[in-house]
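# Secondary and tertiary structure notes
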Amino acid sequence: MNVRWVPVMTLAALRLTAQDVARPQIDTQRSAYRTHDSKEQIRLNAKFAEPIWHDVDSITDFHQREPLEGAPATERTVVKIVRDAGRLYIGVRAYDSEMRRIRSVQLRRDADLSSDDNVTVLIDSYRDRRGAFLFRTNPNGAMWDAQLVGLDNVNDNWNGIWDVATRRDSISWSAEFAIPLSTLRFNPGKDVIGLNIRRMIRRKNEEVLWRSWGRSEGIENLLYTGDIAGFGDIRSERPIELRPYVLGRLVAPSYDANGERIDASNTAGKVGLDAKIALAPTLTSDLTLNTDFAQVEADQQVINLTRFPTFFPEKREFFLESSGVFDVGTPQRTQLFYSRRIGLDSTGAPVPILAGARVYGKVSQWGIGLLDVRTGGAEQANDAVIRVGRDLLDRSTVVGMLVNRSRPGAGNESGAGLDIDLPLLVNGYNVEPHFWLMGTRTGVAQGTPVAWRVSTDVPNDLIDAFVSLYSIDSGFNPTIGFVRRTGIRETTGHIDFQPRPGVLGIRQLDLTPIPSWDIITDRSGMLGRPSTWQTADFESHVLAGTLESGDQFEVNVRRELDAPSEPFEIFRGTTIEPGRYWWTTADVQYQTSTGRPLSGEAVISSGQFYGGHSTTVELGATFRGGGHLIAASTYSVTTARLSGGRFTAAEATSRVEYTFNTRTGFLGFMQFNNESQRIDFNLRFHWIPTIGDDVYAVWNSGYTTDPLVPSRFPSRRVISHPLNGALILKAVHRFSS
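Reference entry: report on the structure contained in this document.

What counts as what
Each chain carries its own residue numbering, running from 1 in the direction its sequence is written. Predicted model: local features are reported for residues with pLDDT of at least 70 only, side-chain atom pairs are reported and counted for 80 or more only, and whole-chain, interface and lining totals are derived from all residues. Side-chain numbers come from the whole structure's heavy atoms, not from hydrogens or water. A run of H or I in DSSP counts as a helix once it spans at least four residues, and a run of E counts as a strand once it spans at least two, with each numbered from the N terminus. Atoms counted for the radius of gyration: C-alpha only. Globule rule: 2.2 Å times residue count to the power 0.38. Relative accessibility under 20% of the residue-type maximum defines a buried residue, over 50% an exposed one, and the middle range a partly exposed one, all with a 1.4 Å probe and only protein chains included. What makes two residues a contact is simply this: any of their non-hydrogen atoms within 4.5 Å. Computed with a 1.4 Å probe, the accessible areas rest on the Shrake-Rupley method; for each residue, only the protein chains presented here act as cover. Charged residues are defined here as Lys and Arg on the positive side and Asp and Glu on the negative side; His and the ends of the chain fall outside this count. We put the charge of a Lys on NZ, of an Arg on CZ, of an Asp on CG and of a Glu on CD. Salt bridges are identified by distance alone: a Lys or Arg side-chain nitrogen within 4 Å of an Asp or Glu carboxyl oxygen. Only strands that DSSP links by at least two bridges are regarded as paired with each other. The aromatic pairing rule takes the rings of Phe, Tyr and Trp, using the six-membered ring of Trp, and pairs them if the centres are within 6.5 Å, calling planes under 30 degrees apart stacked, those over 60 edge-to-face and the rest tilted. Should the NZ of a Lys or the CZ of an Arg lie within 6 Å of a ring centre and within 35 degrees of the ring normal, that charge is described as sitting over the ring.

Before going further, it helps to examine the overall build of the protein. When you go through the protein residue by residue, the secondary structure sums to two helices and 48 strands. Taking 27 Å as the expected radius of gyration for a compact globule of 737 residues, we find that the protein reaches 27 Å, a close match to that expectation. Counting only C-alpha atoms, the protein reaches 75 × 65 × 55 Å along its principal axes. Burial status across the protein gives 51% buried among its 737 residues. A separation threshold of at least 6 residues defines the contact pool for the protein, and within that pool the share at least 24 residues apart is 58%. Accessible area for the protein stands at about 32100 Å²; split by element, carbon and sulfur atoms hold 55% of it. Here the protein holds 81 positive side-chain charges and 86 negative ones, and the gap between their average locations is 1 Å.

Attention shifts here to the pattern of salt bridges. What the rule picks out here adds up to 42 salt bridges. Note that Arg203 is salt-bridged to Asp96, the shortest N-O span being 2.8 Å. With Arg203 in the loop between β12 (192–201) and β13 (206–209) and Asp96 in the loop between β5 (87–95) and β6 (118–124), this pair connects stretches of sequence that are 107 residues apart. On the basis of relative accessible area, Asp96 is assigned to the buried category, the value being 5%. In this structure, the salt-bridge partner of Asp227 is Arg127, at a minimum N-O distance of 2.8 Å. Highlighted residues: Asp227 in strand β14 (residues 226–229) and Arg127 in the loop between β6 and β7 (131–137), separated in sequence by 100 residues. Residue class for Asp227 comes out partly exposed when judged on its relative accessible area of 27%. Salt bridges linked by common partners bring Glu75, Asp96, Glu98, Arg101, Arg199, Arg203 and Lys204 together as one network.

Turning our eyes to something else, we now look at the sheet that holds strand β4 (residues 77–83). Read across the sheet, five strands follow the order β2-β4-β5-β11-β10 without closing on themselves; strand pairing throughout is mixed. Of all strands in the sheet, those with a lone pairing partner are β2 (36–37) and β10 (163–168), marking the two edges. When β5 meets strand β11 (residues 172–180), the two strands line up antiparallel, connected through nine bridges. Note that in β11 the partner of Tyr95 across the bridge is Ser172.

Another point: the packing of aromatic side chains. Going through the model one piece at a time under the given rule, you end up with 21 aromatic pairs. Geometrically, the ring pair formed by Tyr658 and Phe660 is edge-to-face, given 5.1 Å between the ring centres and 70° between the ring planes. Given a relative accessible area of 36%, Tyr658 falls into the partly exposed group. Judged by relative accessible area, Phe660 falls into the partly exposed class, the value being 44%. It is Arg136 that lies over the ring of Trp144; its NZ or CZ is 4.0 Å from the centre. Above the plane of the ring of Phe669 lies Arg655, whose end atom (NZ or CZ) is 5.4 Å from the centre.

In this section: the sheet that holds strand β31 (residues 482–483). With antiparallel pairing, the three strands of this open sheet are ordered in space as β20-β21-β31. Both outer strands of the open sheet, β20 (329–330) and β31, are each paired with one neighbouring strand and no more. Bridge count for strand β21 (residues 334–335) against β31 is two bridges, and the pairing is antiparallel. Directly across from Thr334, in β31, lies its bridge partner Val483.

This brings us to the side chain of Thr334. As for its placement among the helices and strands, Thr334 is situated in strand β21. Apart from the residues lying within four places of it in its own chain, the contact partners of Thr334 are Val328, Gly329, Trp436, Met438, Tyr470, Ile472, Phe476, Phe482 and Val483.

A few words now on the pairing of β13. Neither face of β13 is exposed, since Glu206 and Val208 on one face and Glu207 and Leu209 on the opposite face are all buried. Strand direction decides the pairing type here: strand β3 (residues 63–66) and β13, joined by three bridges, are antiparallel. Counterpart to His63 in the pairing with β13 is Leu209. Bridge count between β12 and β13: four bridges; the pairing is antiparallel.

In the case of a regular strand, side chains alternate between the two sheet surfaces. In the sheet, strand β18 (residues 266–280) pairs with strand β19 (residues 283–291) via seven bridges, with the strands oriented antiparallel. Across the sheet, residue Leu273 finds its bridge partner in β19, namely Leu289. Taking the residues between adjacent antiparallel strands as the criterion, β18 and β19 are bridged by two residues. Two elements, β19 and strand β22 (residues 353–363), share eight bridges in a ladder whose sense is antiparallel. Directly across from Leu283, in β22, lies its bridge partner Gly361.

Written out as structure tokens, the structure reads:
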């Protein structure tokens, strides 16, 4: 496509959105809800028997976001808010005319509660419309929490200190949230915070909110949160939280892929400490000594049928809270800082973290983020990050960041970045111009190679449009960051037309008037000249959408280009030679609603592939029948016939959860892929004696599946010939002043 037309098409889409689509008007002049300060002890039991619950006002004006924007909720919801000197209590009573059809199967902490009826509380305690805490529960009392940083960066790996109780009766289910004020962050003397409540009624796929119920808004849009008054008297306390741990490890003898023993068994012990210190009412410091992440769930294996690196998400607790403040760039594509570069080598194996410190928070309109980590082992590196941001307008931010890695023999490897995010409202609709610029100074190239991107996002209900332009120099090398490709120019974008026909059970369609695109050329090429493209990807939704039942379907056609300049191994034993390869594929996808007891998904794709042909089938199923057991499996297989050979790439995963209650559960995770010819198991028992304390028992093991090895899985000898095996016991206790 002609790249010169991209801005024109984006502006046309914005004009259609702003002028031609009617939407309800939002009243932003409502008075604040005032919470009451309780002088009596409140028992966390969701019965709301204390007199203060009867004295406070109720929040009842909930409106639908889905399926009928702005319509009154079909089931009544009543919310009341009180607080005492140490905690904020939010009581929710969710009435339902068909209590027997309430959906509630999850129990495990941090489980995906989208399969269930649930209630989410959002708290913007700074009231700056740039960040918030999210707390969610279902009728079982399962706990899920997250941090929202910026416009849409939701960090659901964050775990805060809070609690919830739930109960049911014949006409409703109730939830009582108890959130310590120390878990939140407050501006001293500021009386008002931002708050919103969302309820999901799963059997109807109905989403209702107190505020921000417009389809182009939602709970993560902080501009329209409600005002809650009564917090101006919070004292500027500086609590200290200590979380020491003790760990024991029993490592089994290990064998290579041929069944030959390479290491003997051993035992080891370890102690360490994590600490959280409130330096000021709005600034927090995290410290870690002799850190260990043995309880973290294993990364999911991926067969990568491209010549570019795979991005894996961060899962380690020390790096998670407020991690969004260190985001400069485009996540998963070009990032100045990527925390998995610290304490993990290129294969994902751990590198000892000797000590680390972070400081994060706000001072007036300034956001602060500091990080310093010292690693040992073969790396012996010191990694430092300094980030300063300034609030602009209602929701905009400008951020500057410096990163540096120093290690013996390599000197200092540094980088700097500027990120300007300008989310705006045009006639009530979202428009988000965004610009970032980075430079690095390392031994890879002389001078300061740079990377930049300019983009505009128009994320709205009827028209969802996006366009971007990248430039990345060849020597750009973010040592503690992530970059997928260097030495390129790139443009990406899409224009999705998403009408709501209201026929045949279709809630919303997703159509592409022109194909979405991702075009990359090298530094000497031109994005407007196809003969110079290095890779290109065009995708059209022939037909795609969501049903009222929650099921989703897609029929897509893709046209792709890859022009490798040198050979690369796409799969074990199969090589792609240099050349220019164009191919076309089509796929059909269907995914059933997660609200069903048995849900599933299927993808079938077939077409040309690197001068040959390939077919991919992906299947997945999840059983959530209620009770305590949840089981899920996925299977993916790609068969390819290429000029360089044939191959079949297969991946499989299985997960089994048995949750005894909301504080105790077992998780078993198995994964297999035939490229590495191994199967791995991660078995984890987790007990939470009290919120903030944790006890883990973890077994990790891997076995070869090479058919030429006598001790391959699942032969009888496999148990005694693991590639790796370790039993880990870990206990963490929280002390708080």
